[in-house]
Amino acid sequence: MEKIQMVDLKGQYTKIKLSIDSAIADCIDNTAFINGPQVKVFAENLAAYLNVHYVIPCANGTDALQIAMMAIGLERGDEVIVPAFTYVATAEVIGLLGLVPVMVDVDSQSFNITADIIRAAISPKTKAIVPVHLFGQCADMAAIMEVAKEHHLYVIEDTAQALGADYTFPDNTTTKAGTIGDIGCTSFFPSKNLGCYGDGGALFTNSEELANKIRMIANHGQVKKYVHKYIGINSRLDTIQAAILNVKLGHLDSYKVARQAAAAYYDKQLGNLQGLTIPARSKNSSHVFHQYTLIVNNYKRDELKHYLENKGIPAMIYYPIPLNEQEAFSQIGRVVGTLSVTRQLCGDVLSLPIHTEMLQEQLDYIVDSIRSFFK
Ligand SMILES: *Cc1c(COP(=O)(O)O)cnc(C)c1O
């Protein structure tokens, strides 16, 4: 059996090698390494896929979040609500800009923040919310947009793990993750659901005003050459990465189906096991399974992780430490409540290998190994 990996970038590349290689060769041939035509084409293709007015590519997902925070024009000391159970980038950029990350708990089923949790965290200084669509499933955006509207808050969606997920509103209209709030941010880090062969990221918005400002901020705050309206940053998607993403965007839906099929198999084989809980599915969001994350009961998580590793099965802990317990956030930010769910999840979650190239014998071996652990 082939070695089991958390992600299989080589196996995925092998299947699309001809188109990827020729897309890269074209870039090198044309030497337009920065802002080549492929960047614009990719932005247009992604905008069409997401059904959003504007896509602005940038250098990585963290920059996308930072640019979004800069574009909504907050002032030092303004508060931004973020889940304490997420990747550090979500809150890091808030701290970096002198804003206050307000760290809140998440729902024990969806692992995402909810409207009620947000409502309890709002203060007069609160200006924005960052729902993170963790592991590939959307937060309950209809309710979150309602709170946001009520309190005049900006909503910046961290869609780094959920590109391609569909959210369904109560009136049955369906939209793509990242296109519901004021700005959506994503990452094209190689292991993400749409990954390039290096770093990459993008912002989405339906607002022309925000799109223009985002474009300027990502490009040194420049209105036109040598005219600078804002203090900006330099954050670009390389032409070669855009060319690769153009090829891979055409496969994103089939990649999604492959991940969902692996997840469905895990669900079926592990759903009845005592000792663990399979990922809950939201009623109003599809799940694109950036991660397939179990809850391991009775403090057996680390034991199971080692057991699987000894059998050649990698498994990862996303995330082991709540953000508010990180030293970097010890002097900044505000913590709301006891974050009991976050703390429990950090102790109990375990993510299994899931990617677009999972083989049936690998899935069987993983499932059998987990079953044998609980025997
Ligand atoms: C990957 C990720 C990011 C950061 O993306 P980079 O491209 O690595 O900067 C931000 N938020 C979440 C939730 C992520 O998973």
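Predicted model only: the values in this text are computed from it and were never measured.

Some details on the domain arrangement of the protein
- By the assigned domains, the protein splits into domain 1 (9–249) and domain 2 (252–373).
- Computed over C-alpha atoms only, the centres of domain 1 and domain 2 are separated by 24 Å.
- Summed over the shared surface of domain 1 and domain 2, the result is three salt bridges.
- For Glu 79, the salt bridge is made with Arg 334, and the minimal N-O distance between the two is 2.8 Å.
- On inspection of domain 1 and its partner domain 2, the count reaches 27 residue pairs in polar contact (both at pLDDT 80 or more).
- Among the elements of the structure, helix H1 (9–30), strand E2 (79–83), helix H4 (89–96), strand E3 (100–104), strand E6 (166–168) and helix H8 (239–249) are those that each provide at least two residues to the side of domain 1 that touches domain 2.
- Among the elements that take part in the side of domain 1 that touches domain 2, E3 stands out by supplying five residues, more than any other.
- Counted by class, the side of domain 1 that touches domain 2 contains 26 nonpolar, 16 polar and ten charged residues.

Regarding the UniProt feature "modified residue: N6-(pyridoxal phosphate)lysine" (unreviewed entry) in the protein
- According to UniProt, the positions carrying the feature "modified residue: N6-(pyridoxal phosphate)lysine" (unreviewed entry) are Lys 192.
- Within the element layout of this structure, Lys 192 appears in the loop between strand E8 (183–187) and strand E9 (201–205).
- A relative accessible area of 16% means that Lys 192 is categorised as buried.
- In contact with Lys 192, not counting residues within four places along its chain, are Ala 160, Ser 187, Arg 259 and His 290.

Quick notes on the rules
Residues numbered from 1 in each chain as written. Predicted model: local features only at pLDDT ≥ 70, side-chain atom pairs only at ≥ 80, totals over all residues. Heavy atoms only, no water. Domains from an automatic or database assignment. Salt bridge = Lys/Arg side-chain N within 4 Å of Asp/Glu carboxyl O. Polar contact = N/O pair within 3.5 Å; in protein donor to acceptor, adjacent residues only side chain to side chain. Helix = DSSP H or I, 4+ residues; strand = E, 2+ residues; numbered from the N terminus. Nonpolar A, V, L, I, M, F, W, Y, C, P; charged D, E, K, R; others polar. UniProt positions renumbered as here; feature names shortened; annotations may be inferred. Buried < 20%, exposed > 50% of the residue type's maximum accessible area, 1.4 Å probe, protein only. Contact = heavy atoms within 4.5 Å.

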